[in-house]
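Coordinate inspection notes
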Amino acid sequence: MEKLAPILISAHAGSAIVAGHYAGLWTTIHKHPDKKWTISELSEKAGCKERWVREWVGVLASAGVLKLEEGMIISCDRDVAKTLLPTSAVLQLFTELEMCLDKEDKIGACFKKDGPLGVGYSDFPKFQEWMGNWSCCRNKERNFPEAFMKMVEGGVHEALEKGIRVLEAGCGRGQHVMAVAQRYPNSSFVAFDIDEKTLELNRVDAEKLGLNNLEFVVGDFCNMRPEWANHFDYVMMYDCMHDLPHPDKAMEGLKTVLKDDGVVTMLDIYASSDMVKETKNPMSTVLYNISLHHCMSVSLASGGVGLGACWGVELAQKMLIEAGWEEKELRLFRDGFMDAIFVMTKGKGLV
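Report follows, based on the coordinates. (Residues numbered from 1 in each chain as written. Predicted model: local features only at pLDDT ≥ 70, side-chain atom pairs only at ≥ 80, totals over all residues. Heavy atoms only, no water.)

This brings us to the sheet that holds strand 5 (residues 188-193). Spatial ordering of the open sheet is given by 6-5-4-7-8-10-9, a layout of seven strands whose pairing is mixed. With one partner strand each, in any of the chains shown, strand 6 (214-218) and strand 9 (330-335) form the two edges of the open sheet. If you compare each strand with its neighbour and ignore which way they point, the axes differ by 20° on average. Pairing geometry for strand 8 (residues 258-269) and strand 10 (residues 339-346), over eight bridges, is antiparallel. (Pairing = 2+ DSSP bridges. Helix = DSSP H or I, 4+ residues; strand = E, 2+ residues; numbered from the N terminus. Axes fitted to C-alpha atoms, helices over the stretch in contact; angles between N-to-C directions.)

Right, let's talk about the environment of Asp 102 for a bit. Along the polypeptide, Asp 102 turns up in the loop between helix 7 (97-101) and helix 8 (104-111). In sequence terms Asp 102 and Cys 295 are 193 residues apart; their C-alpha atoms lie 16 Å from each other.

Glancing now at empty space enclosed by the protein. In the structure shown here, the tally under the stated rule is two cavities of 30 Å³ or more. What lines the largest cavity is a set of 17 residues, among which Trp 130, His 242, Ile 269, Ile 290 and Cys 295 lie closest to the centre. Contributing elements (two or more residues each) for the lining of the largest cavity: helix 9 (127-141) and helix 16 (284-301). Considering every element that reaches the lining of the largest cavity, the biggest residue donor is helix 9, with five residues. In the lining of the largest cavity, the residues fall into eleven nonpolar, two polar and four charged. Of the volumes computed, that of the second largest cavity is approximately 30 Å³. Contributing to the lining of the second largest cavity are Ile 29, His 32, Pro 33, Asp 34, Lys 35, Trp 37, Cys 76 and Arg 78. (1 Å grid on protein atoms, 1.4 Å probe; cavity = no way out; pocket = protein on both sides within 12 Å on 5 of 7 lines; lining within 4 Å. Points joined across faces, edges and corners; volume = space filled by probe spheres on them. Nonpolar A, V, L, I, M, F, W, Y, C, P; charged D, E, K, R; others polar.)

Its volume calculated, the largest pocket comes out at about 880 Å³. In terms of lining residues, the largest pocket is bounded by 40 residues, among which Tyr 121, Gln 128, Asp 193, Ile 194 and Asp 195 are the most central. Elements that contribute at least two residues to the lining of the largest pocket include exactly helix 9, helix 12 (175-183), strand 5, helix 13 (196-208) and helix 16. Looking at the lining of the largest pocket residue by residue, the class counts come to 17 nonpolar, 14 polar and nine charged. The calculated volume of the second largest pocket comes to roughly 680 Å³. Ser 10, Phe 94, Leu 97, Thr 285 and Val 286 are, among the 22 residues lining the second largest pocket, the residues nearest its centre. Residue assignment for the lining of the second largest pocket shows that the elements contributing at least two residues are helix 1 (4-23), helix 6 (89-95), helix 7 and helix 16.

Moving on, we get to the sheet that holds strand 1 (residues 37-38). Each strand in a sheet pairs with its neighbour through backbone hydrogen bonds, running either in the same direction (parallel) or in the opposite one (antiparallel). Across the sheet, three strands lie side by side as 1-3-2; this open sheet has antiparallel pairing. Only two strands of the sheet have a single neighbouring strand rather than two, namely strand 1 and strand 2 (67-69).

So, on to the pairing of strand 10. The side chains of a regular strand alternate, residue by residue, between the two faces of the sheet. When you tally the buried positions in strand 10, you get seven out of eight residues, the bulk of the element. Pairing geometry for strand 9 and strand 10, over six bridges, is antiparallel. Across the sheet, the residue bridging to Arg 334 is Ala 340, located in strand 10. Connecting strand 9 to the antiparallel partner strand 10 that follows it, the hairpin turn spans three residues, and Gly 336 within it adopts a positive phi of roughly 75°. (Buried < 20%, exposed > 50% of the residue type's maximum accessible area, 1.4 Å probe, protein only.)

Quick look at the pattern of salt bridges now. One side chain can pair with another of opposite charge once the charged atoms of both are near each other. Counted according to the given criterion, the structure contains 20 salt bridges. Between Glu 153 and Arg 331 there is a salt bridge, with its nearest N and O atoms 3.6 Å apart. Residue Glu 153 is found in the loop between helix 10 (146-151) and helix 11 (156-162), and its partner Arg 331 is found in strand 9; the two are separated by 178 residues along the sequence. Classification of Arg 331 as partly exposed rests on a relative accessible area of 28%. Of the charged contacts in the structure, one is a salt bridge between Arg 183 and Glu 161, with a shortest N-O distance of 3.0 Å. Of this pair, Arg 183 sits in helix 12 while Glu 161 sits in helix 11, and the two are 22 residues apart along the sequence. You can call Arg 183 partly exposed: its relative accessible area is 26%. Taken together, the shared-partner salt bridges connect Arg 138, Arg 142, Asp 239, Asp 335 and Asp 339 into one network. (Salt bridge = Lys/Arg side-chain N within 4 Å of Asp/Glu carboxyl O.)

To continue, consider the nonpolar core. Core analysis: the biggest nonpolar cluster contains 32 residues, and Phe 221, Trp 228, Met 241 and Leu 254 have the highest contact counts within it. Elements that contribute at least two residues to this core include exactly strand 4 (165-169), strand 5, strand 7 (232-238), helix 14 (247-256), strand 8, helix 17 (313-322) and strand 10. Element by element, the count of residues in this core is highest for helix 17, at four residues. In terms of nonpolar packing, the next biggest core, distinct from the first, is built from 31 residues, Ala 159, Val 177, Phe 189 and Leu 199 among them. (Core = buried A, V, L, I, M, F, W, Y, C linked by side-chain atoms within 4.5 Å.)

Here it is as structure tokens:
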């Protein structure tokens, strides 16, 4: 039990952290940094029932997230409260647990030789909403899109300023493409996804933002529209290659829609394909578990290869070369603790 106890404690603390998010407790605590609270005061300020807050404090004080002193006085490190605000990418990683923990029976069945191939997208009705929140939080933290476009170099930022044709492949809730279209109004944008319901929501959001330079369409990585051949100057993709059933075909497709002089950027998870090496990093626990429950699972459920979130930069580079990209056309950046940015330049690129 010595090794398992901290894991069990962390699991229950994570659940309580998410509950505190929905109750608005972290936002309340953050608004009053360094304040020492009674349970009654915190409950009143957050608009919560005192009995519920008391039990919540019991969980997180036991885990060391909150501090509980004599006289039932509560305090919280200001950095902890800030990290657990709704606008924090870290908080989104905690909320992702919701999509995992209610599917353990289905996931367990997939392990068996006579079980299902995987748990499919239809079993994750909140995924697009979660992914949109996750993208929105990270975009704010990294000053996206301008800082990103300047970082990848290759003339992307300057070309977008002048005006080019851009495609986002696998756009999900459209947080990335809408941010780029808003920042670079001289360029025209097309974004595709397989989920028509999500695209309808995106169109409403784009209309509210007054984005007349952006079109959302239903699309498939493995069946790119014929009229898109050699059509786009810049193709961008965020956080979805490892989820796809047939990533090899998708990589080939990205090159076919690019003009003879163009750039592709592909953001994915920064991990090593060497599992022994990658598992030396305790944070990889999070990546592997998200992959076990979603990334690998949805790919396998669709009859795919099931790359998983930790497919690794080494395998990614190998597959890109097999898809027709030359080694000299590839560049790799690491951004933060978990983002790998692959930049593929065709011909002269955008310079």
